[in-house]
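# Examination of the molecular architecture
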Amino acid sequence: SQTIHQWPATLVQPVGSPLSLECTVEGTSNPNLYWYRQAAGRGLQLLFYSVGIGQISSEVPQNLSASRPQDRQFILSSKKLLLSDSGFYLCAWNRGQGGKGNQPQHFGDGTRLSIL
Amino acid sequence: DQQVKQNSPSLSVQEGRISILNCDYTNSMFDYFLWYKKYPAEGPTFLISISSIKDKNEDGRFTVFLNKSAKHLSLHIVPSQPGDSAVYFCAARPLSGNTPLVFGKGTRLSVIA
């Protein structure tokens, strides 16, 4: 069976510090990978998605970036965090185009990021 | 422009009764619709989906209805249980297989014992 791991679960960082959140998927190959953010009291905002190694699509211009160094690894980074970067960050995956039929996205447990 | 809308931010229902959560969409290219359930401090969990070629899909206590002409879908939970209290997100996806889901802002369901 497939599993998705996301860490850390919580993170408190000062303004201006760097960020690295990691997400890995097990039990599948060539997944589509996604980073979402849920700000307090708001819905799910898609930040980045990737359909393959080194392929990153950005949905929202901001000071965050994403990388996919390996097939099942997706990293969310920032060089300098802003107060507005606080939120609940979620990684998700679903089967790539080789999968059959419609495929739901499956989410990790999230990272609660607080910027002080 | 919000393509998937959940106009009710919250809903309270008595235990044992039916919960009806609604969702409207604007993009006629959407062909796959999903509902997710989210507890605080956890990731959303996939609940049920429906393809645009169907108008109803049922899984236990959960049924999703799709009205393509009205661009409207709904999730029915019968009977509602206290454990169903959570935020429910509606999501949709265009025809392209690798296109990300578009999510609504969610509806908080409270089931009162």
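Refer to the preceding data block for the structure.
These notes cover the structure that comes with them.

What counts, and at which threshold
- Numbering of residues starts from 1 in each chain and follows the order in which that chain's sequence is written.
- The naming scheme follows written order: chains are lettered A onward, ligands numbered 1 onward.
- In view of the model being predicted, local features appear only for residues whose pLDDT reaches at least 70, and side-chain atom pairs are presented and counted only at 80 or more, with totals across whole chains, interfaces and linings using the full set of residues.
- Side-chain metrics in this entry use all non-hydrogen atoms of the structure; hydrogen atoms and water are not considered.
- A contact between two residues is defined here by any heavy atoms of the two lying within 4.5 Å.
- Note on terms: buried area is the combined drop in 1.4 Å-probe accessible area of two parts once they are placed together, counting the loss on both.
- When a carboxyl oxygen of Asp or Glu lies within 4 Å of a side-chain nitrogen of Lys or Arg, that pair is called a salt bridge.
- Throughout this description, a polar contact denotes any pair of N or O atoms lying within 3.5 Å of each other; where both atoms belong to protein, one of them has to be capable of donating a hydrogen while the other can accept it, and for residues adjacent in sequence the pair is counted only when both atoms sit in side chains.
- In this description a helix means any DSSP run of H or I spanning at least four residues, a strand means any run of E spanning at least two, and both kinds are numbered starting from the N terminus.
- One requirement defines pairing of two strands: DSSP has to find at least two bridges between them.

A separate point is the interface of chain A and chain B. Between chain A and chain B, the contact holds 21 residues from the first and 18 residues from the second. Between chain A and chain B lies a buried interface of about 1,700 Å² when both sides are counted; carbon and sulfur atoms form 57% of it. Counting the contacts that link chain A with chain B gives zero salt bridges. Where chain A touches chain B, the interface holds two residue pairs in polar contact (both at pLDDT 80 or more). Contributing elements (two or more residues each) for the side of chain A that touches chain B: strand S4 (32–38), strand S5 (44–52) and strand S9 (87–94) of chain A.

All names here are of chain B. Alignment of strand S6 (residues 56–59) against strand S7 (residues 62–67), held across four bridges, turns out to be antiparallel. Its bridge partner lying in S7, glutamate 58 is registered against threonine 63. If you look at the hairpin formed by S6 and S7, you'll find two residues sitting between the two strands, and glycine 60 has a positive phi there, around 65°. Note that S7 and strand S8 (residues 72–77) share six bridges and pair antiparallel. Opposite phenylalanine 65, over in S8, you have serine 74 as the bridge partner. Here S7 folds back onto S8 in antiparallel fashion, the turn holding four residues, of which lysine 71 has a positive phi close to 50°.

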